[in-house]
Amino acid sequence: MIRAALKSLLGRKVRLLMSTFAIVLGVAFVAGTLIFSDTLNRSFTALFSSTVGDVVVRPEGGTTADGSPSSVTLPASLLEKLRDVPGAARVDGNVNAIGVFVVSDEGKVVSGFGPPAIGGNWTGAPAGHGLEGMAIVEGHEPHGADEVALDQRTAERAGYDVGDRVTVIPSTAMVPDTSEQPGEQPGQPGQPPAEPTRLEPTLVGIIGFPSGGSLNGATFAAFDTATAQQLFLGGEDAYSDAWVTAADGVSQEQLRDAVAAELPDGVEAVTGDHASDEAASDLLKAVSFLTTFLLIFAGIALVVGAFLIVNTFSILVAQRSRELALLRALGASKRQVTWSVQLEAFVLGVIGATVGLGLGVLLAMGIRALFANFGLDLSGQSLIFAPRTFVASYAVGIIVTMAAAWLPARRTGRIAPVQALRDDVALPEASLHRRFLAGLVLVGAGLVLLWLGLFSDLPHGGWLTGAGVLAILLGVAGASPVLSRPFLAVVRTAYARLFGTVGLLAGQNALRNPRRTAATASALMIGLALACTMAIVGDSAKASVDASIEENFVGDFIVSNVIGSEFTPAIGDAMEGVDGVERVVRERYKQTERDGDRMAVAAVDPQDVGRLELQANDGALDGLADGSVLVQQSWADDEDVAVGDDLTFEMPVGERTYRVAGIVDDNPIVVAPVLMTLTDLADAGFTASDNVLILFTDGSPGVQDRLDAVVADLPVVTVKDQGEFAQEQREPIDQFVLMIFALLGLALVIAVLGIVNTLALSVIERTREVGLLRAIGVSRRQLRWMITLESVLIAVLGALLGVALGIGFGVALMYAVRDQGLEVISVPFGQLGVFLGLSVVIGVLAAVFPARRAARLDVLRAIATE
Amino acid sequence: MTASPPAPSAEIVPEPLPAARVRHLTKTYGTGDALVTALDDVTLDLAAGEFTAVMGPSGSGKSTLMHCCAALDTADSGQVFIGDQEITRLKDKALTRLRRDEIGFVFQSFNLVPTLTAEENIKLPMAIAGRSPDRAWYDAVVATVGLADRLSHKPSELSGGQQQRVAVARALASRPRIVFADEPTGNLDSHSGAEVLELLRRSVDAPPEEGGGQTIVMVTHDPVAAAWTDRVVFLGDGKVVDELRSPTREQVLDVMNRLAEPRPTA
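Computed from a predicted structure; not experimentally measured. Here the residue numbering is sequential within each chain, running from 1 through the sequence in written order. Chain letters and ligand numbers both follow the written order, the letters beginning at A and the numbers at 1. Thresholds applied to this predicted model are a pLDDT of at least 70 for local features of residues and 80 or more for the giving and counting of side-chain atom pairs; totals over whole chains, interfaces and linings are not thresholded and use all residues.

**Remarks on the nonpolar core**
Note on terminology: a nonpolar core is a set of buried residues of type Ala, Val, Leu, Ile, Met, Phe, Trp, Tyr or Cys, with members joined through C-beta atoms within 7 Å. Here the C-beta atoms are placed from the backbone, and a residue counts as buried if at least 20 other C-beta atoms lie within 10 Å of its own, exposed if 12 or fewer do, and partly exposed otherwise. Counting 328 residues, the largest nonpolar core has Leu-150, Ala-301, Val-304 and Leu-675 of chain A as its most contacted members. A pair of residues counts as a contact when their C-beta atoms, built from backbone coordinates, are within 7 Å of each other. Setting aside residues no more than four positions away along its own chain, Leu-675 of chain A makes contact with Ala-602, Ala-603, Val-604, Leu-624, Val-629, Leu-630 and Val-670 of chain A.

Okay, here's the thing in structure tokens:
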């Protein structure tokens, strides 16, 4: 029996391999995602363990949550004290800053959007556990104000060699005194002291990881300690943090305890292991959305693929029903026949999973390359193949294939032995009526789940929504043989009108086996439904952003960094002096903690609150003063906060409490839910650096040019009017939607393959009919037309179902989040029209191979086929 | 070899052109030891307005001969004319048109497109050509076939005999020059078979306005079926070995028995 199953598998290689493709893609997503996230994990862990000492001494509340150092420092005297701690081999003080951009020899900022641009001092301190960590691999350590060392990849990417003059922009640097400012600034003599800093030191050293590792795309510019203190700490003889290296035989824990005993209040000591885990897990959390995302797409690919497998196996089993009946006649039991089909599915699953695993490796490499493009360079870390990747890949591949083949396999059990002797074997099939009802029930359940997920307060709303969407998709797929019948009948008539007999034949063929047509169309439906949902979400988000900017934009220009990260206040200072500028409103955002949860706080000068045109719902705007805050309505509702309440935050200098002075309408101009004064923010221990400047001008001509001139040397900071700002805000949405489309494109590829497979199998199944048609004078061209028309019909059916469902999902989704700043529901009908048009193209393309196959059939052999 | 009817070159006597002519047709399958000569220099005329049977034991080449005549298969050498057109050199497109316009087919089974009604099946060759059938002729054919009340049925709703009669109607409806029938009664019980044979006979004998005047070539191994024809051509080992005019069942059986006798090996 096993041999019979394997033989039949070999005899149908091509057809089966095509249906395996879906499994291959699904498994590839699973494997690729797992490999990539393991690699990412290891890479970050490696990075952080090679960039921390045995014990890290840092101000409590240490770094702010986004990684930027606080303004609280360790005095040099503390380090002296630590050198006497027993078990300490050496103590090195570090000066750290972020937003220190390296500009390439072509004037471009070397940086990605994610990884930080780090500046600091070079200490040569070893990493924890005696690891070599970073070392100068070429040239020498930087000495004096005019020398800098860069990490290897940054130097490569910027095109600098040792000895070159390099451009470094410490955009968050303390405003330095021009007289002490290192480096020359040719061409700009006598500039005012407030001018943003632009350094041009000589590159004297290249920093590398001799024992492996990389900065994962971060850039690192290192100066000597005095210069770094001058640049980043305002010249204070102090440090951001310190590493204490353990003497031989002293563990990190022992050393930490010894060090901790010497520390004053507000300064803590943690082990290097702890610090690196902390940092790595923060970053990993930030990218975990990607893992989730890819796994969702793996799920979509597998669901779509399962349709394909059900279909393929149904057709194959139907074609083989005589052979199976013969096996029954020869004494095989029902079970054996059923299991022979399941065995085929098992072998296919194994093959699919194996190929998928291979493809997953390529996918992981692809994602890594993509990330490198965005600046997160992981090339220093080879790919990690964890055992669970293999287990998950094979489990997914085999289980999905066998589960999908189960329905058709079960049906084979009902084949009676006597059917071996008959000419026409019809497989018994469950009634369409029952299937239709089951589909409707599933849709109903899906609707309930969707409603609960979107509009109720039940936990796991995302899961409920996802399950609801899946149930509706499956339900519609189940009901579609009946649902689609009127449509198919209409199209058949239209086809017969338009294309004559060939059209009629095509329409009839699509109607001949409605469940097959519908199952094939369903695969396309799923992909398109999700694509339409995304199109609507993206379009609505953009429309909401536009509407919101339209409504809330104040002032004339916005000055901000590419990703809203901070920049030096010197820019705002300079802009205040620009002719025509009436007022510069500075906004700052910082990450802090409240009750252990991360949250952002924003700050402005209380004088400027009126200019933001906020709407006070309770309390008063002018209540904003030192010691008090304004909060946004939605946050206040969620957190049950009222005017007069006290809010306590974990700030770098320790806990700080503020009184709520007013509750304002949500307004995107204030990014964080809580707004405080600039003075409070500085007192809380945050460095003074701006995130956004809102400029009010007298509208005189040339103002923008003059403003642009201020930031001309700072490619990272731009001046935008309302239109440009809106454009900048829409871009990430476009990119996000495009990325999802690219992934859904894969689901479409699977669906196209499904159509190809179904048609090809249908052609084989109808070999005699095709032969007959050819014998009585149907030309090859007409035959190709017939199959193409059938294919287009299937594709358009799938597209119509998909677009209809997609509109439903998209509108429901947007309706559910309408009070979260996305008020506008916009359906991009043009885009949906393109999807429908695309489905015609898909239909035509999918028919190419089966149509050619049909046209090439040898007439004589076709009519002689049993 | 049996004498063939007068050659078409005889211009003195204005004989009607035969519906199909076969000249020195040879076809082999396989190579070396497995070489099988299906047709060995066959020359044959199929007269217009005649009902001809081609008979012979299994492997005698009768099916191959029909397939070659009907533009379904190509020979190694020799020529086949349908009317005055030589078909052995034609490309697929021209062959398709030839099958559509000049030739009618009735196969042993699976003659009808299952998704189309009886009427749609009958009209199919003309519909494909984009022509509408000659109304009077079509009505005559349908009347002859005797299925006027079943025209809107799908093949699955018809009996085997009815399906074959629809197939015959389909073959006749486009007024082809010649109809080839490959064991048209092979899958039928004797009663249904007789109905189909009677239909074929009538479509040759009846006056043209009643759907008659056709030329039919039928491959069969059934002496009863052969007895319905005007002429029986016997094939053996790829050659024409005998011929009967106005055959009876007994005569056909005699020849068949003779052909089936084992010959001494060379």
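Structure's up, so let's keep going.
**Some remarks on the interface of chain B and chain A**
Contacts between the two partners involve 21 residues from chain B, matched on the other side by 20 residues from chain A. Contributions of two or more residues to the side of chain B that touches chain A are made by helix H2 (92-101) and helix H3 (118-129) of chain B. Nonpolar residues are Ala, Val, Leu, Ile, Met, Phe, Trp, Tyr, Cys and Pro. Charged residues are Asp, Glu, Lys and Arg, and all others, Gly as well, are polar. Grouping the constituent residues of the side of chain B that touches chain A by class yields 11 nonpolar, five polar and five charged. A helix here means a DSSP run of H or I that spans at least four residues, while a strand means a run of E at least two residues long, and both kinds are numbered starting from the N terminus.

**Comments concerning the environment of Thr-291 of chain A**
Note that Thr-291 of chain A resides in helix H7 (residues 272-319). Along the primary structure Thr-291 of chain A and Phe-36 of chain A are separated by 255 residues, whereas in three dimensions their C-alpha atoms are 8.4 Å apart.

**Here's the deal with the packing of helix H13 (residues 485-512) of chain A against helix H21 (residues 780-816) of chain A**
Residue and element names in this part refer to chain A. Only the contacting stretch of a helix is used when fitting its axis, a line to C-alpha atoms as for every element, and angles between N-to-C directions run 0 to 180 degrees. Here H13 crosses H21 at 160 degrees, and the two axes come no closer than 11 Å. Taken together, the axes of H13 and H21 lie roughly antiparallel to each other. Seen from above, H13 lies across H21 with right-handed handedness. The segment H13 lies against H21, with Phe-487, Val-491, Tyr-495, Phe-499, Val-502, Gly-503, Leu-505, Ala-506, Gly-507, Asn-509 and Ala-510 engaging Gln-782, Trp-785, Met-786, Leu-789, Glu-790, Leu-793, Ile-794 and Leu-797. Here the contact of H13 with H21 is built from residues that sort into 14 nonpolar, four polar and one charged. Comment on the angle field: the value is read as roughly parallel under 35 degrees, roughly antiparallel over 145, roughly perpendicular from 65 to 115, and oblique elsewhere. Crossing handedness is defined as follows: a turn of the near helix away from the far one that is anticlockwise and smaller than a right angle gives a left-handed crossing, while the clockwise case is right-handed.

**Quick look at the domain arrangement of chain B**
All names here are of chain B. Domains are outlined according to an automatic or database domain assignment. What the domain assignment reports for chain B is domain 1 (16-102 + 215-259) and domain 2 (108-175 + 188-213). Here domain 1 and domain 2 have C-alpha centroids that lie 23 Å from each other. At the level of secondary structure, the elements contributing two or more residues to the side of domain 1 that touches domain 2 comprise H2 and strand S8 (216-219). Class assignment of the residues belonging to the side of domain 1 that touches domain 2 gives a composition of five nonpolar, one polar and two charged.

**Digging into H2 of chain B**
Along an α-helix, residues three or four positions apart point the same way, because every turn accommodates 3.6 residues. Buried residues of H2 of chain B: Leu-95, Thr-96, Leu-98, Arg-99 and Arg-100 of chain B, and no others. On the buried face of H2 of chain B, the contacting elements are helix H20 (767-775) of chain A together with strand S4 (77-82), strand S6 (103-106) and H3 of chain B.

**What to know about unusual backbone geometry**
Residues and elements named next belong to chain B. The backbone of Asp-41 sits at a positive phi, close to 55 degrees, despite the residue not being glycine. Within the secondary structure, Asp-41 sits in strand S2 (residues 36-46). Its 15 C-beta neighbours within 10 Å are what place Asp-41 among the partly exposed residues. With a phi angle near 50 degrees, Asp-237 is a residue other than glycine that sits in the positive phi range. Here Asp-237 shows up in the loop between strand S9 (231-236) and strand S10 (239-245). Classification of Asp-237 as partly exposed rests on a count of 17 C-beta atoms within 10 Å.

**Let's talk about the environment of Leu-259 of chain B**
Residue and element names in this part refer to chain B. Structurally, Leu-259 is set in helix H8 (residues 249-260). In this structure Leu-259 comes out as partly exposed when scored by C-beta crowding, with 18 C-beta atoms within 10 Å. With residues near it in sequence (within four places) discarded, Leu-259 still touches Gly-56, Pro-57, Phe-234, Gly-236 and Val-241.

**Focus: the environment of Gly-32 of chain A**
Residue and element names in this part refer to chain A. Among the structural elements, Gly-32 can be located in helix H2 (residues 13-49). Note on Gly-32: 27 C-beta atoms within 10 Å, which makes it buried. As for Gly-32 and Gly-366, which are separated by 334 residues in sequence, their C-alpha atoms are 9.1 Å apart. Setting aside its immediate chain neighbours within four residues, Gly-32 contacts Gly-360, Leu-363, Ala-364 and Ile-367.

**Description of the packing of helix H11 (residues 432-455) of chain A against helix H12 (residues 461-483) of chain A**
Residue and element names in this part refer to chain A. It is at 7 Å that the axes of H11 and H12 come closest, and there the two elements cross at 160 degrees. What the angle tells us is that H11 and H12 run roughly antiparallel. The chirality of how H11 crosses H12 is left-handed. Broken down by class, the residue content of the contact of H11 with H12 amounts to 22 nonpolar, eight polar and one charged.

**Things to note about the sheet that holds strand S4 (residues 96-98) of chain A**
Residue and element names in this part refer to chain A. Strand order in the open sheet formed by six strands is S4-S7-S12-S9-S11-S8, and the pairing between neighbours is mixed. Both edges of this open sheet fall to S4 and strand S8 (135-139), since each of them pairs with a single strand only. Between one strand axis and the next, the sheet turns through 30 degrees on average, direction left out of account. When DSSP finds at least two bridges between two strands, those strands are taken to pair. One ladder, built from five bridges, connects strand S7 (residues 117-121) with strand S12 (residues 219-223); its direction is parallel. Bridging across to S12, Asn-121 finds its partner in Phe-223. The sheet strands contacting helix H5 (residues 225-232) are S4, S7 and S12, and the helix crosses S7 at an angle near 125 degrees.

**Here we look at the sheet that holds strand S6 (residues 109-110) of chain A**
All names here are of chain A. The strand order across the open sheet formed by three strands is S6-S5-S10, and the pairing between neighbours is antiparallel. Two strands lie at the open edges of the sheet, namely S6 and strand S10 (167-170), each paired on one side alone. With four bridges joining them, strand S5 (residues 100-103) and S10 adopt antiparallel strand pairing. The partner of Phe-101 across the bridge, within S10, is Ile-169.

**Describing helix H14 (residues 514-552) of chain A**
Compared with an ideal rise of 1.5 Å per residue, which puts 39 residues at 57 Å, H14 of chain A spans 54 Å between its outermost C-alpha atoms and is within 8% of the ideal. The element H14 of chain A is extensively covered by neighbouring structure, given that 30 of its 39 residues are classed as buried. Between the first and last residue of a helix there are one fewer steps than residues, each counted as 1.5 Å, and that sum is the expected span.

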